[in-house]
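# Structural overview
The primary structure of each chain is shown beneath.
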Amino acid sequence: MVRPPSIVLEGEASIAGARLFSKLRLELPAGRWTSLLGASGVGKSTLLRLMAGLDTGADFDGAIAAGDGAPLTGRVAFMSQNDLLAPWLDVTGNVILGARLRGEKPDMQRANALIARVGLAAHARQFPHTLSGGQRQRASLARTLMEDRPVVLLDEPFSSLDAQSRADIQELAGELLADRTVLLVTHEPGEAARLSHQAFLMNAHGLSELPLPPSSPVRAVDAQDTLAAQAEMFRRLRSAA
Amino acid sequence: MNAIAGSFLRGAFALVFGLGLWQFVVWATGAPPFILPGPARVFSKLWEMRELIAENALVTITQIIIGMILGTALGVSTALQLAMSPLSRLLMRPLIVFAQAIPVFALAPVLTLWLGYGMASKILTVVLIIYFPVASAFYDGLMATPQGYLDLARVMGASPLRTIFRLRVPHAMPAFASGLRLAAVSAPFGAVIGEWVGASRGLGHLMLLANGRAQTDLMFAALIVLAAFTVALYFFIDRLGAWLTRRFAGPVG
């Protein structure tokens, strides 16, 4: 993988004349996890989609730039709450979808290694509808890793999973996406407390930094300082709304 | 296997019930055979005239199958063309809807004038009749790919053409299957319309001929063969459609 860049987004956005968020500055340090917490509708996903270069339906006035000055296009991978697995492709087919869509020859060896790495080696030939929600998100994670992009944008990717699968895949993602520049948009204070190097609360007034334990991620689900940070985030999230 | 046996059994019951109802109407109304022949009479006529009917059925079936293949190919390529280019959507869509607004019935005499009494004009009526359902169902399917998949493709750096063939087309398979089902039930219609307007062979021609000579039993026999073929065609296409849907959308659709 090439060296991950830092990313700075600066600007304001409105939808049909109504202010979505006022002028703010979000900096993602290179090779670090940044979490964005906030109520629905404050524009978290809009921020993420702006960085991914996707349509947002909002008018954005500002700039997004990588620290190394090169464009972000082609350096970003994206994972959403919906696993977006193609139902007509098996796990392997889904993992190599990116190469197929670009008309490249997929590296099957790497694909198989990644499928094994996310614990789906025995399911490589299975179709998505035969997998559990957790397995599907693992397949989606393997596909994201297959893209091997230095910047990874995660839009609530684990929010539809049960608590146990969620904790498992948080650890897996934290480990496999370490050293990349990651933006995690989430509703869940616990997730932000476990996975982030820095975390922000987003509301209509802008961003405010949230406290995190001094230890480095991924933090244990039941560590005292993780739980304390989670509780504090939860309190700030509720009082902000 | 049991499910198939069960559906055959249900079909057999429905058939017996239908024939019984038919015979009952004949008895109850006391209609003479040249108005409404009973099932026994029609089936004995069918057997008696089997060579004539088979000969004409072969012509009609050939027209239907060739028309289905050409019409589907044309519908599919139109849908792809529309999905690929906003300009062709702008220019062609109104034209296609307008063309669909013209009843094929009204067009059939002109087609016969242009293409003659042979198979070509009937194949063309079949093509015209199934073209729109196939094109419109497939096009709707192509445009209904969930935005999330398109976003993913965009971030992955997919080319527009590959996005169509590797994402939109497989996603559209269930919709394409519905278009095919509609085509299967209306295609025989197209062939018969074509034959009614002017033909020297085919089941539609035979029906018209039998009707003109008050051979109602022969007309019914030809009608039953046509209906049986339509049901068989629908059954086959329905199976194909169910397979396509399962293959491309999974068991929940």
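Now for a description of the structure that goes with this document. (Residues numbered from 1 in each chain as written. Chains lettered and ligands numbered in written order. Predicted model: local features only at pLDDT ≥ 70, side-chain atom pairs only at ≥ 80, totals over all residues.)

## Focus: the overall build of chain A
The number of helices and strands found in chain A is 8 helices and 9 strands. Summarising its shape, the C-alpha atoms of chain A cover approximately 50 × 40 × 30 Å along the three principal directions. In chain A, which comprises 241 residues, the share counted as buried stands at 45%. Contacts in chain A between residues far apart in sequence, at least 24 positions, make up 71% of those at least 6 positions apart. (Helix = DSSP H or I, 4+ residues; strand = E, 2+ residues; numbered from the N terminus. Buried ≥ 20, exposed ≤ 12 C-beta atoms within 10 Å, placed from the backbone. Contact = placed C-beta atoms within 7 Å.)

## What about the pairing of strand β1 (residues 7-15) of chain A?
Residues and elements named next belong to chain A. Bridge count for β1 against strand β2 (residues 18-28) is 8 bridges, and the pairing is antiparallel. Within the sheet, the bridge partner assigned to Gly11 lies in β2 and is Leu24. Taking the residues between adjacent antiparallel strands as the criterion, β1 and β2 are bridged by 2 residues, where Ala16 takes a positive phi near 50°. One ladder, built from 8 bridges, connects β1 with strand β4 (residues 59-66); its direction is antiparallel. Its bridge partner being in β4, Leu9 is matched across the sheet by Ile64. (Pairing = 2+ DSSP bridges.)

## Notes on helix α6 (residues 163-176) of chain A
In an α-helix there are 3.6 residues to a turn, and that puts residues three or four apart on one side. Residues and elements named next belong to chain A. Between its first and last C-alpha atoms α6 spans 20 Å; for 14 residues at 1.5 Å apiece the expected length is 20 Å, and the two agree. Arg166, Ile169, Gln170 and Ala173 are the residues of α6 that are buried. Along the long axis of α6, the arc covered by the buried residues comes to 115°, so they all point the same way. Away from its buried face, by an angle of more than 90 degrees, α6 presents the exposed residues Gln164 and Glu175. Check the buried side of α6 and you find it contacts α5 (133-147) and α7 (189-195). (Expected span 1.5 Å × (residues − 1). Arc of directions from axis to C-beta.)

## Brief notes about the nonpolar core
Counting residues in hydrophobic clusters, the biggest one holds 70 residues, and the most contacted among them are Leu37, Met51, Val95, Ala142, Leu153 and Leu183 of chain A. In this structure, Met51 of chain A is in contact with Ile7, Leu9, Ile64, Leu72, Val76, Leu153 and Leu183 of chain A, ignoring residues within four places of it in sequence. Counting residues in hydrophobic clusters, the runner-up holds 52 residues, among them Ile130, Ala184, Val197 and Phe220 of chain B. (Core = buried A, V, L, I, M, F, W, Y, C linked by C-beta atoms within 7 Å.)

## Quick word on the interface of chain B and chain A
Interface size is commonly expressed as the accessible surface area that is lost when the partners come together. Each partner contributes residues to the interface: chain B has 21 residues there, and chain A has 21 residues. Of all elements in the fold, only α7 (147-156), α8 (160-171) and α11 (216-249) of chain B reach the threshold of two or more residues within the side of chain B that touches chain A. Per element, the largest residue contribution to the side of chain B that touches chain A is 8 residues, and it comes from α7 of chain B. Of the residues contributing to the side of chain B that touches chain A, the split by class is 11 nonpolar, 5 polar and 5 charged. (Nonpolar A, V, L, I, M, F, W, Y, C, P; charged D, E, K, R; others polar.)

## Structural notes on the environment of Pro213 of chain A
All names here are of chain A. Along the polypeptide, Pro213 turns up in the loop between β9 (206-210) and α8 (224-240). Overall, Pro213 belongs to the partly exposed group, with 17 C-beta atoms counted inside 10 Å. Sequence separation of Pro213 and Gln81 is 132 residues, and the distance between their C-alpha atoms is 26 Å. Discounting chain neighbours no more than four positions away, the residues touching Pro213 are Arg219, Asp225, Thr226 and Ala229.

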